[in-house]
There are 2 protein chains.
Amino acid sequence: MRIIIDAMGGDNAPQEIVQGVLNAASKTDALFTLVGEREAISQCLAHGAAGITRFELVDAEHVITMEDDPLTAIRTKRHSSMVVALELLAEGEGDALVSAGNTGALFSGATLIVKRANGIKRAAIGTLLPGVKPCLLVDAGANVTVTEEYLEQFAVIGSSYMREMYGIANPEVGILNNGTEEGKGTALQIEAGKRLRAHEGINFIGNVEASAVMAGACDVVVCDGFTGNVFLKASEGTGKQILSSLKEVYSENLITRLSYALVRTRMRKSMKRFDPSEHGGSPFLGISKPVVKAHGSSDAVAFEHAILQAIRYAESRIGFDTPKSGS
Amino acid sequence: MRIIIDAMGGDNAPQEIVQGVLNAASKTDALFTLVGEREAISQCLAHGAAGITRFELVDAEHVITMEDDPLTAIRTKRHSSMVVALELLAEGEGDALVSAGNTGALFSGATLIVKRANGIKRAAIGTLLPGVKPCLLVDAGANVTVTEEYLEQFAVIGSSYMREMYGIANPEVGILNNGTEEGKGTALQIEAGKRLRAHEGINFIGNVEASAVMAGACDVVVCDGFTGNVFLKASEGTGKQILSSLKEVYSENLITRLSYALVRTRMRKSMKRFDPSEHGGSPFLGISKPVVKAHGSSDAVAFEHAILQAIRYAESRIGFDTPKSGS
C-alpha cells in the first residue's frame, strides 16, 4: 500500500501535512510518496522520528493555492504538487491520494487526470455529517446542478461507501428535501424519488429534511452540490457559533473556569464530532482510484485521520476500476 | 392596535397560545381577537389574570392540522380558525395576525385571502438566523423555485424589514451561494447578482456562504425557499445535536452536574439564541398586511414574543398597502 501525498496543499503545509504523514506511518505499514518542494519536505521529515526509508520524495516546484481558479490551475500549473500527485496516482505509482489543498482544483484534477470510474456520469464529494450517527452527504459541493440520474448514482456509490467503510449492511438512503411527503421539492427530487423507489439494491427511505438527517434519519443523503454545500456550511457555521458561545461562557470568571475544569475531558470528547477537521477527509466518489480531500485547515492529527481513511478506502472492495475513457 | 390570533394553531393550542396572549396583553395596550373554539378559549382565558375586556372571541369550529395539505386545507376548511382569522385580517377587523399553525397553509391562506402587496410577484417567509448578529433569511421555505426577479424583491422587502424592525440604516444584503466569487452558483444566483449590483438603494455585498452568514456577514440573505429550508433545518438540527450532547455531558454524574450548576444561568442565556422557539416568529414578507408565523412548538413565552413582534411589525413603516388584486 502506497499513499501519495500532496505535501504542499492546505493552510498548514508542509509542516502539519508531513507531521500527519509521520503520525500515520507510525500506525500502519503503508509507504508514502510526498510530492512538493523537496527541501521543505526534507526538513519537516528530519524533525520526525520515523524511519526515513518508507518515504519517497517527488519534486514539484509549484503550488495550487486556495485562491486559484480550479480548472485554470489544473490546466496551467502542470508542475504543481497537486497535479504531479494526481498524475502519479493515475499512472499507478500509488494506491490512494490525500490532499488538503484547493477542493475545486483537486476535484477537477481527479476527474480530468485520474478519470471517473466506468459508467459513472458525474463524480461527487462525500462528507460525513456530525449527526447522531455518521451520515454521508453526497454531493457535498462538486456539482452545482445535477440530474435525477446523477442523484441515483450518488445513492449507489454512497451506499457502497457506507457499506464497505462503516460495515452498514443495508444503508438507508434519503433524498434531501423540504418535507417528507412524496410530492415535495422540485422536479429533480420528485423524479429522483421515482428512480430510487424503483432501484433494487438501494434501501430508499424517501425524502428527509436536514434536521432529520442530523437526528440520524439515514446513512446516506443525496442532493445537488449547491444544496449540499449550504447544508454543510450551515451546520459548520452553527456549530462554530455555539462552540464560541460556550467558550465565552466558560472564560467569563474564576467560577466559570472552574466549572469548565470539571468537565473538560468529557466536553472535548463530546464536542469533537462537531469539529470538521476531526472527521478525517471527504472521499471523492465515482473516481477510478481513491482520492481523499482533507480539510484545508488540517493540522497533523486531522491529516493523519485523512490518511488512515484513505488507506481503508483503498483496501475496501468499493468498485474502483479502469478509468472511464481508458486513458 | 388589534391583533388577530389563530388560537387553535400549533402543537400546544389553545392553552399555551392563550397564555401567550395573556402575557403579551400585560405588556402592551393592544386588543386581541381570538379565533377558535369559544368554550376551550374561554376556559384558558378564565385561568389568566388579565382583564377580560380586551379579548374578543370569534367562533371557528374547525382546525387546520400540521398534517393537512396546505392548499386543500385553506380551500376546504373555510370554518377553520386559521381561515376565519385570515378573513378577519383581510376585512380590516385587526392590524396583524399571529398563528402557530401549519406554515404552508398559513402562507397559502395569506396569499389567497389577505393577498400580496401591490407590485410583489411572490411573497416569502423571513426567518431570523441565530448567528453573531440577527440576519434575515428570505425565503425560508415558501417558494421552492424562484426567479432572479423574485430574489431581487426579497432583497428589497427584507432590507425594509431589517431597517424598520431592527433600526439598521443600510442593511447589507447577500445572495446565499456556494462561494463568494461572482460567477458562483447556478444561473439564478448569477443573474440575481447582476440585478442586485445594479439596484440602487440595496446595499448588496455579493455572494455569501452559509457559514459566513452565521458569522455575521450580512443583515439579509436571499435564496430560493428550498435552499432556505435546508439552511434553516441544518442549522436547527445541528444546534439540537450540540445542545443534546451538552446535556449528556452534564447529566453524567455528580461532578458534571455541579459543573453545570456553576454556569447554569449564563449557559441558558447564551444558548437561548440557538433555540428556534425563542425567536418569536417568522414574518411573511410581501403580504399586504402583517402576518407572523410562530413556531409550531411555541409555548406561551415563544408565542408572546411572536405577538410583540407582530405589534412592532404593524407599527412599522414597512410598506403594507392595498392588496394586489384589489379584492
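Just so you know, the residues in each chain are numbered from 1, in the order the chain's sequence is written. Following the order in which they are written, the chains are lettered starting with A and the ligands numbered starting with 1. Where totals are concerned, whole chains, interfaces and linings use all residues; where local detail is concerned, this predicted model gives features only for residues with pLDDT of at least 70, and gives and counts side-chain atom pairs only at 80 or more. For the side-chain quantities, the full set of heavy atoms in the structure was used; hydrogens and water were omitted.

A. Representation of the overall build of chain A. Each helix is a run of H or I in the DSSP string that is no shorter than four residues. Each strand is a run of E no shorter than two, and both are numbered from the N terminus. On a plain count of helices and strands, chain A comes out with 11 helices and 11 strands. Based on C-alpha atoms, the radius of gyration is set beside the globule rule, defined as 2.2 Å times the residue count to the power 0.38. For a compact globule of 327 residues, the expected C-alpha radius of gyration is about 20 Å, and chain A comes in at 20 Å, within 12% of that figure. Per-residue burial over chain A gives 56% buried out of 327 residues. Whether two residues are in contact is decided by their heavy atoms: any pair within 4.5 Å suffices. Of all intrachain contacts in chain A linking residues separated by at least 6 positions in sequence, the fraction that spans at least 24 positions is 70%. Working note: accessible area of chain A is about 13200 Å², and carbon and sulfur atoms make up 49% of it. In chain A, 32 positive and 38 negative side-chain charges are present, and the distance between their average locations comes to 4 Å. We call a residue buried when its accessible area falls under 20% of the maximum for its residue type, exposed when it is over 50%, and partly exposed in between, using a 1.4 Å probe and counting protein chains only. Here the Shrake-Rupley method, with its probe set to 1.4 Å, supplies the accessible areas, and only the displayed protein chains count as covering residues. Charge assignment in this entry is limited to Lys and Arg as positive and Asp and Glu as negative, and neither His nor the chain termini are counted. All charge positions are set by atom: Lys at NZ, Arg at CZ, Asp at CG, Glu at CD.

B. Spatial organisation of the sheet that holds strand 11 (residues 291-294) of chain A. Residue and element names in this part refer to chain A. Two strands qualify as a pair provided that DSSP identifies no fewer than 2 bridges between them. One open sheet holds the 11 strands; their spatial order is 3-2-1-4-11-10-5-6-9-7-8, and the pairing between them is mixed. Both edges of this open sheet fall to strand 3 (55-59) and strand 8 (203-208), since each of them pairs with a single strand only. Across the sheet, the mean angle separating the axes of adjacent strands is 25° when strand polarity is ignored. Pairing between strand 6 (residues 135-138) and strand 9 (residues 220-222): 3 bridges, direction parallel. In the sheet register, Val 138 faces strand 9, and the bridge partner there is Val 222. Strands in contact with helix 6 (residues 148-166) are strand 5 (124-129), strand 6, strand 7 (172-176), strand 9 and strand 10 (281-285); relative to strand 9, the strand with the most contacts, it is inclined by about 160°. Fitted lines through C-alpha atoms serve as axes, helices being fitted only where they are in contact, and the angles separating the N-to-C directions of these axes extend from 0 to 180 degrees.

C. A look at the packing of aromatic side chains. Pairing of aromatic rings covers Phe, Tyr and Trp, the last counted by its six-membered ring, and requires centre-to-centre distances within 6.5 Å; plane angles under 30 degrees mean stacked, over 60 mean edge-to-face, and any other angle means tilted. Scanning the entire structure with this criterion turns up 8 aromatic pairs over all chains. Judged by centre distance (5.2 Å) and plane angle (80°), the rings of Tyr161(A) and Tyr313(A) are edge-to-face. Of the two residues, Tyr161(A) sits in helix 6 while Tyr313(A) sits in helix 11 (residues 300-315), which places them 152 residues apart along the sequence. The residues Tyr161(A) and Tyr313(A) share a single accessibility class, namely buried. With a centroid separation of 4.8 Å and an interplanar angle of 45°, the aromatic rings of Tyr250(B) and Tyr260(B) are classed as tilted. Taken together, the residues span a long stretch of sequence, with Tyr250(B) in helix 9 (residues 225-250) and Tyr260(B) in helix 10 (residues 254-271) at a distance of 10 residues. Exposure remark for Tyr250(B): the relative accessible area of 6% places this residue in the buried category.

D. Looking closely at the domain arrangement of chain A. All names here are of chain A. A domain assignment, automatic or from a database, supplies the domain bounds used here. Along its sequence, chain A is organised into domain 1 (1-120 + 286-327) and domain 2 (126-276). Averaged C-alpha coordinates put domain 1 and domain 2 at centres separated by 25 Å. If you look at the interface, domain 1 gives 11 residues, while domain 2 gives 9 residues. Joining two parts hides part of their accessible area as seen by a 1.4 Å probe, and the buried area is that hidden amount summed over both. With both chains or domains summed, domain 1 and domain 2 bury close to 960 Å², and 58% of this area falls on carbon and sulfur atoms. By convention in these notes, a salt bridge is any Lys or Arg side-chain nitrogen within 4 Å of a carboxyl oxygen on Asp or Glu. In this structure, the connection of domain 1 to domain 2 is made through 0 salt bridges. For this analysis, a polar contact is any N or O atom pair within 3.5 Å, provided that within protein one partner can donate a hydrogen and the other can accept it, and provided that sequence-adjacent residues contribute only side-chain to side-chain pairs. Counting across the domain 1 and domain 2 interface gives 3 residue pairs in polar contact (both at pLDDT 80 or more). A total of 3 residues in the side of domain 1 that touches domain 2 trace back to one element, the largest contributor, which is helix 11. The residue inventory of the side of domain 1 that touches domain 2, partitioned by class, reads 4 nonpolar, 5 polar and 2 charged. By the convention adopted, Pro, Cys, Tyr, Trp, Phe, Met, Ile, Leu, Val and Ala count as nonpolar, Lys, Arg, Asp and Glu as charged, and the other residues, Gly among them, as polar.

E. Highlighting the confidence of the model for chain A. In the predicted model, chain A carries a mean pLDDT of 92, and the fraction of residues at 70 or more is 95%. In the predicted assembly, ipTM is 0.92 and pTM is 0.92. For every residue, the predictor assigns a confidence score, pLDDT, that lies between 0 and 100.

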